[in-house]
Every structure is written in C-alpha cells, then in structure tokens.
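Here is what each chain is made of, one letter per residue.
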There are 2 protein chains.
Amino acid sequence: MSGHLTIALDAMGGDLGPEAVIPGAALALSRNSDLRFMIFGDELKITPILEKFPKLSSASQIIHTDQFVSSEEKPGVALRNGRKSSMRLAINAVADKQADCIVSGGNTGALMVMAKMVLKCLPGIDRPAIASLLPTMGKETVMLDLGANLECDAAMLVQFAILGSVYSRVVRGHDQPTVGLLNIGSEDMKGHDEIKEAAAILQQIKFPGKYIGFVEGNDIPMGKVDVVVTDGFTGNVALKTAEGVSKLIAHMLKKSLKASPLAFLGAILAQKALKSLKNEMDPREYNGGMFLGVDGVCVKSHGGMDHVGFANAIQYASELAARNFNVRVAAEIAEVMIQEKELNILNAEQEPLKEKVS
Amino acid sequence: MSGHLTIALDAMGGDLGPEAVIPGAALALSRNSDLRFMIFGDELKITPILEKFPKLSSASQIIHTDQFVSSEEKPGVALRNGRKSSMRLAINAVADKQADCIVSGGNTGALMVMAKMVLKCLPGIDRPAIASLLPTMGKETVMLDLGANLECDAAMLVQFAILGSVYSRVVRGHDQPTVGLLNIGSEDMKGHDEIKEAAAILQQIKFPGKYIGFVEGNDIPMGKVDVVVTDGFTGNVALKTAEGVSKLIAHMLKKSLKASPLAFLGAILAQKALKSLKNEMDPREYNGGMFLGVDGVCVKSHGGMDHVGFANAIQYASELAARNFNVRVAAEIAEVMIQEKELNILNAEQEPLKEKVS
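Residues numbered from 1 in each chain as written. Chains lettered and ligands numbered in written order. Predicted model: local features only at pLDDT ≥ 70, side-chain atom pairs only at ≥ 80, totals over all residues.

1. A look at the overall build of chain A
A tally of regular secondary structure across chain A gives 15 helices and 11 strands. A compact globule built from 358 residues should have a C-alpha radius of gyration of about 21 Å, and chain A, at 21 Å, falls within 12% of that. The principal-axis extent of the C-alpha atoms belonging to chain A is close to 65 × 60 × 40 Å. The buried share of chain A, taken over its 358 residues, is 58%. When contacts within chain A are restricted to residue pairs at least 6 apart in sequence, those whose partners lie at least 24 apart make up 73%. (Helix = DSSP H or I, 4+ residues; strand = E, 2+ residues; numbered from the N terminus. Rg over C-alpha atoms; globule rule 2.2 N^0.38 Å. Buried ≥ 20, exposed ≤ 12 C-beta atoms within 10 Å, placed from the backbone. Contact = placed C-beta atoms within 7 Å.)

Listed below in structure tokens is the structure:
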C-alpha cells in the first residue's frame, strides 16, 4: 500500500443516503488526506453531491448500481436479491482486497448476514457481534452485542467476552481489560440461564480479559468494567436509551438556563464549558459499530446520523484498518484456543465450549 | 377510615434498612400528617432511630420480628422460610386490611412472590409487573415491567399493556394513553417472536390504551408514548442505564463548570436553574415501583435509596391507596374482558388470549 487507505462506502445506506455519506466522506478526508474512497450507489444521486467537494471527487471513484437494500428488507431476502446492491458490492470490495474496510449506515441485519457470508467469520467465532465505544465516568467502555444477535446462548456470550477483550486490548491499549456480563443484579442467582452459564465458563477459562462478574445498567456509564457483554436485544435497547437520556438532559439543561435572565447570563459565561460537555456526550462522537468477529473491517454507522456522525464512522473504520485490527484479533483468538486445549479446564457437565468456540 | 392512611413498612429492606426507612417515614409524615405507620422489623434496631423522630414515633407502631429476607435469598426460599420476616408480615397487614399499602426496599423477587401469594393477582392477570414513572421530554411515561418477570410471552406483554394503560389513565389522567412495545427497530419484522405476537394481538383488541407500534430505547426519554411495555430483564437494564447516564452527565457537567474561573462564575449565576434541573432528574424523585396486577398496593423502593427516596416511595404508595387505585384497575380490567368476549375478535390461529387474560 502506498500509505493510502481505501474505504468502501455504501452511499445508499442510512436515512439520508448520499446526503450524509458524501459530505461525511469529505469531512473525513479533510482530517486524513491519505483516505481514498470507493463509493457504491446510484450515480445520478451521488454525482451532483460529489461535485460540491472537488478534493473528495478526485480521491474517489463511483461504482454505479441502482440496487440498494431498504431498511425494511428482511436480511435473508436482502442476501438473496441484493447481489448487486450498493451494500453488497461495497462488502465485495473488501473481500477482493480492493478496499481496506467498508462503512454502511444501512439495514443492520442485511449488512451482518452479507458481511458474514462474503467476508466469513474469524476462526473460532460462530456469530459476529456489533461493538462500540461508550463514554463513561472513567475510560471509554466497549459494549457488545449492540444488535446483531437478538438471542444469545452461553457460548456466544463467552465468544463476545473474548472478542470484546481483544478489541479493548488492541484498540484501547488495555493490557487485561475487565469484563462484566450485563444482568439485572450482581448476585449469582440473578438473570437468564444463558447468562449464568456464561458466567460459570468465564470464571474457568483463561482469556485476554479478566471476568469480574455481573454488572447492571447503571454500571455501564460508571465505567465499572472495560468490556460489557450482553445479547443484541438488550445491548441495543441500553445503547439507545442512553442516547435518549443524553438528549433529554441536554434539552432540559437548555430550558433551565433560558428560564431566568440570571441563569442565561451564567450560561453565557459558562458557554465554553457547556460546549465541551456537549461535545463529550455527542452521540456522533461515538458513531460506528464494529462487526467484531468478521474477517474484515466492517463498520455500521447509525442510520440516523448526519455527515458529522458518518465522518466519525469512516475515521473509526480507517483507524481499525490501519492498525491491522483483524490480524491481531485473529492472533489473539488463536492463542485463546491453544490455551484452552492445553488447560483442558472445561469439565464434561459444561457446554462443550471448545466445539463451539474453536 | 378516619381520613388516616396506614402504611406497612418493611424496615429491614434496602441497603440501609431502618437507617433509610425510619427517617424516610418521618419525612413523608412531615409532608402528609394523615399518614400512620406499622413498622415491621427488629425492635432493637428500629427504636433508637425512631426515638429521634417524636412525631413519627407517636404515629407509628413497631411490630417486632427478628427475621428478615436478605437481598441474596432466592424468592422461593424466602417464601418458604420467611413467614415471620418483616417483609412478609408487612404484606400480611395489607391482606388483613390493617394497612392500606406496603412499601419495601428489600429483595424484589421475594417481595413479588410474597405479594402474589398473599395478596393474589387481580382477576384476569397471570403475573404482576413492576411499573414506574419516568421523566421524559413531554409528560411522564409509565414503563413496565422493570424486573419482576425476566421472560415474558406475548400474553403477558398484552396484559402489561392493559395494566400500564389503566395505570396511566387512573394515575396520570390520560384518557386514552398511547402504548408502545419496546423493540430494537420500528419495522414490523424486528424483534423476538413474543413481541411480534403481542403486537399482532394489541392491534386487534380494544383496551383502555391506544397501541401505536414498536418504540426504541431513545423513544422512552423522548416521551413518544405514555406507556412503554417490555419484559422485566430489558426494562430493568433500560431503567438502570438511564439512571447511570443521568449520573454521568451530572458528574461531567460539574467537572466542566469547575474547569475555568469563568465557567465557575457562570455556574454560580445559573445555580438556581442547575439545581432545578438536578431535582427534575433526581432518581429519588422517581423512586417507587408499583406492583401492577397484585390485588393491593405494594410499592418497591430502590434498594440503594436514602431516606429522601424512601419518603417518595411512601408518598407514591399512599397516593395510590388514597385514590383507590386497585379498585379502579380491577374495574377497568373487567371491562376489557367483557369487551373482548363481545367482540370475539381473536382468531383461532392466535395465542388464546382470553384464556390467559381472563
């Protein structure tokens, strides 16, 4: 590589489609001039927007297709009928090594099944999970799964714990990240059977993280652990609830500060501080869910994001690609598998983890 | 009744036990002098604290027991072995019409099984749910279940929708409250089978609320609907995540405002506004989960609450009791059941809702 990183973009994904994707790519390029783009989608819609960004235009190629995956489409249908869709072609570009990573704001389920089918899972992983960084009281926390797998058995949760730990190690530089299973109480007897089973396995195996037990919803923003593991349904609800609460508080803060002239004057004086807080909590700053466990860097942007959020998802994907993230994840997982064979610590009564993980 | 309302208190529940319960009762009494208390628990621990509050002391009777339910105890074990526990005796007082309602900060699971066993469910309800009010962008929203039932089938979710609607109608005065099922997308195809099934039923039956479809985590604080229906696991995680995010933002706001002298000055000027925001978002203001569907007013206070939070839970319970909440809920549910029989709108392919609801 010439120092360039090529990003495959699904221009038709997300609520705003090319209206967010193209200006987002322009913003990402202005931050990192080494980026190059393959833009997949409807040329007629892309070109007029792209023309407004001459620098981006000369760093990009458009690959036209008039097929795209709608947000209502069932993943299986998208997989069968969407072979020429912008999403699928963008994923193909990563599989064919034409691009270093792919970013899409489109249908999450379709993106997941396509990525899994085309890029395949890393050895040892059954089902990929969506992971993202979240702001906390301390360092940022990795949470997964955020919506790829609605129901997860114990073996999947254990795999997510391993994936999340490796991710935290590679991306956040934590040597031995702490891992918690999301539950509705910290006592051993609480929660679904899958969670209790996963806890029993994580207490026994050696993996790149350190399992510290159950965590509750309020422990996520407190930063109690480096990695929060949960099923995709719960993770998605928790993430979106957190976003909604941030918005609500910002709204109420604004209202309170406008309620009296004195408060308004105070707000003007504290403007800079309030703005830095706003930036710190901006969900656009945390946009970009990595498909952990897929053999290739595939990042999902939140469908409702504007160009600023989309630019952050591109930046996130390009950093992961630049750091050879997936090669490192694969190496770490292989090591876990070897250790497990050597240690042979799982007893017969348990879930046959090795069969599922390896 | 002489205009007095008698509250049965489980003095041993919650992280602080009588240290929060007794001062909390004193605070609630200072707000409403019509309250009377039956305080169940260890006299040796209760008396020294109660002595500090002479007014409360003369409005209370202590019913001594040295048994209590610990937070680690399994609900089934608590039910069998806790017949003389402070929690159980307090519930008995409601069943025996000695008290108008019960408040406990203790083991949620144990409180639920005991309340169900002793007070019984309202006709038509299989499983009670914990409901609470949450602050939103608009009016307050009712969310249930917040932790009583980890797994819920479609019929239970439908019952929760009915219970939540009646609750919203009676307590919040909404004529036809809007109801949403919590899911990870608003499209029909999203989510678990139970949710999709419940949606299909709610679209067909006539009940005191208006079913408007799926809602996502971010819709809760936005106040998109008056009633959010979900299973107890998801609801508990969403509620606690929301609490944690509030705390995180308050912490960051404080930090930002202290970061520069100018911001600090601004914060002093805006002090009153910031304090009113803090009060509005204070989780203690929203403390108190109602066990909807049990035949009696039973309110669960958050285990970690101090006396201010506990006082709010008492106030909440006493208001529900004063408004004859349960009688009205029972009447509304009976009406739903009659309508269903008349309409006979459920087709054979569906979950036999009437058998489960009625």
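Here the narrative resumes.
2. Details of the relation of the copies chain A and chain B
Under the fitted operation, chain A is carried onto chain B by 0.0 Å of movement along the axis and a turn of 180°, and the coordinates agree to an RMSD of 0.0 Å. Such a combination of rotation and displacement between the chain copies is what one expects of a two-fold axis. Among all residues of chain A, the one whose C-alpha sits closest to the rotation axis is Gly-266 of chain A, at a distance of 1.8 Å. (Least-squares fit on C-alpha atoms with pLDDT ≥ 70 in both.)

3. Side note on the domain arrangement of chain A
All names here are of chain A. Domain boundaries in chain A define domain 1 (1-120 + 294-323) and domain 2 (123-286 + 326-358). On a C-alpha basis, the centres of domain 1 and domain 2 stand 25 Å from each other. Sorting the residues of the side of domain 1 that touches domain 2 by element identifies helix H6 (108-119), strand E11 (297-300) and helix H13 (307-322) as the ones contributing at least two each. A breakdown of the residues in the side of domain 1 that touches domain 2 according to their chemical character gives 5 nonpolar, 4 polar and 4 charged. (Domains from an automatic or database assignment. Nonpolar A, V, L, I, M, F, W, Y, C, P; charged D, E, K, R; others polar.)

4. With respect to the sheet that holds strand E5 (residues 129-134) of chain A
Hydrogen bonds between backbone groups are what pair the strands of a sheet, and the pairing can be parallel or antiparallel. Residues and elements named next belong to chain A. Spatial ordering of the open sheet is given by E3-E2-E1-E4-E11-E10-E5-E6-E9-E7-E8, a layout of 11 strands whose pairing is mixed. Edge positions in the sheet fall to strand E3 (60-64) and strand E8 (210-215), since each has one partner strand and no second. In this sheet, adjacent strand axes meet at a mean angle of 25° when their direction is disregarded. Bridge count for strand E7 (residues 178-182) against E8 is 5 bridges, and the pairing is parallel. Bridge pairing in E8 links Leu-182 to Val-215. Docked against the sheet, helix H2 (residues 43-50) engages strand E2 (35-41) and E3, running at close to 160° with respect to E3. Taken strand by strand, helix H7 (residues 154-172) contacts E5, strand E6 (141-144), E7, E8, strand E9 (227-229) and strand E10 (289-292), and its axis lies near 160° from that of E9. (Pairing = 2+ DSSP bridges. Axes fitted to C-alpha atoms, helices over the stretch in contact; angles between N-to-C directions.)

5. With respect to the interface of chain A and chain B
Counting from both sides, the interface comprises 58 residues of chain A and, opposite them, 58 residues of chain B. Every element with two or more residues in the side of chain A that touches chain B is listed here: helix H9 (219-222), helix H10 (232-258), helix H11 (261-269) and helix H12 (271-281) of chain A. No other element matches H10 of chain A, which puts 21 residues into the side of chain A that touches chain B.

6. Here we look at the nonpolar core
Judged by nonpolar contacts, the single largest core of 246 residues is most densely connected at Leu-9 of chain A together with Leu-9 of chain B. Apart from the residues within four sequence positions on either side, Leu-9 of chain A is in contact with Val-21, Ala-25, Phe-37, Met-38, Ile-39, Phe-40, Ala-90 and Val-103 of chain A. (Core = buried A, V, L, I, M, F, W, Y, C linked by C-beta atoms within 7 Å.)

7. Overview of the packing of helix H10 (residues 232-258) of chain B against helix H11 (residues 261-269) of chain B
All names here are of chain B. For the pair H10 and H11, the least separation of the axes is 6 Å and the interaxial angle reads 120°. One element, H10, and the other, H11, form an angle in the oblique class. Between H10, through Ser-256, Leu-257 and Lys-258, and H11, the contact on the second element is made entirely by Ala-263, Phe-264 and Ala-267. Along the lines of polarity and charge, the residues of the contact of H10 with H11 split into 4 nonpolar, 1 polar and 1 charged. (Parallel < 35°, antiparallel > 145°, perpendicular 65-115°, else oblique.)

8. Structural notes on the environment of Ile-46 of chain B
All names here are of chain B. Turning to its location among the elements, Ile-46 is positioned in helix H2 (residues 43-50). Here Ile-46 falls in the buried class, since 24 other C-beta atoms lie within 10 Å of it. Considered as a pair, Ile-46 and Ile-62 are 16 residues apart in the sequence and their alpha carbons are 8.0 Å apart. Leaving out residues up to four positions away in the same chain, Ile-46 has contacts with Ala-11, Pro-18, Ile-22, Ile-39, Gly-41 and Ile-62.

9. Details of the sheet that holds strand E3 (residues 60-64) of chain B
All names here are of chain B. Strand order across the open sheet formed by 11 strands is E3-E2-E1-E4-E11-E10-E5-E6-E9-E7-E8, with mixed pairing between neighbours. Where the open sheet ends on each side, the last strands, each with one partner, are E3 and strand E8 (210-215). If you compare each strand with its neighbour and ignore which way they point, the axes differ by 25° on average. Pairing geometry for strand E1 (residues 5-10) and strand E2 (residues 35-41), over 6 bridges, is parallel. Directly across from Leu-5, in E2, lies its bridge partner Leu-35. Helix-sheet contacts for helix H1 (residues 18-31) involve E1 and E2, and the interaxial angle to E2 is about 170°.

10. Observations regarding the environment of Asp-42 of chain B
All names here are of chain B. Relative to the helices and strands, Asp-42 resides in the loop between E2 and H2. Assessed through the 18 C-beta atoms surrounding it within 10 Å, Asp-42 is described here as partly exposed. In this structure, the C-alpha to C-alpha distance between Asp-42 and Asp-66, residues 24 residues apart in sequence, is 5.1 Å.

11. Considerations on the packing of helix H5 (residues 86-95) of chain B against helix H6 (residues 108-119) of chain B
Residue and element names in this part refer to chain B. The interhelical angle for the contact between H5 and H6, taken along N-to-C directions, is 30°, at an axis separation of 10 Å. Classed by the angle they form, the pair H5 and H6 counts as roughly parallel. Note that H5 runs across H6; the crossing there is right-handed. Across the interface between the two elements, Met-87, Arg-88, Ile-91, Asn-92, Val-94 and Ala-95 of H5 pack against Ala-110, Leu-111, Met-114, Ala-115, Val-118 and Leu-119 of H6. By residue class, the composition of the contact of H5 with H6 is 10 nonpolar, 1 polar and 1 charged. (Left-handed = near helix turned anticlockwise from the far one by under 90°.)

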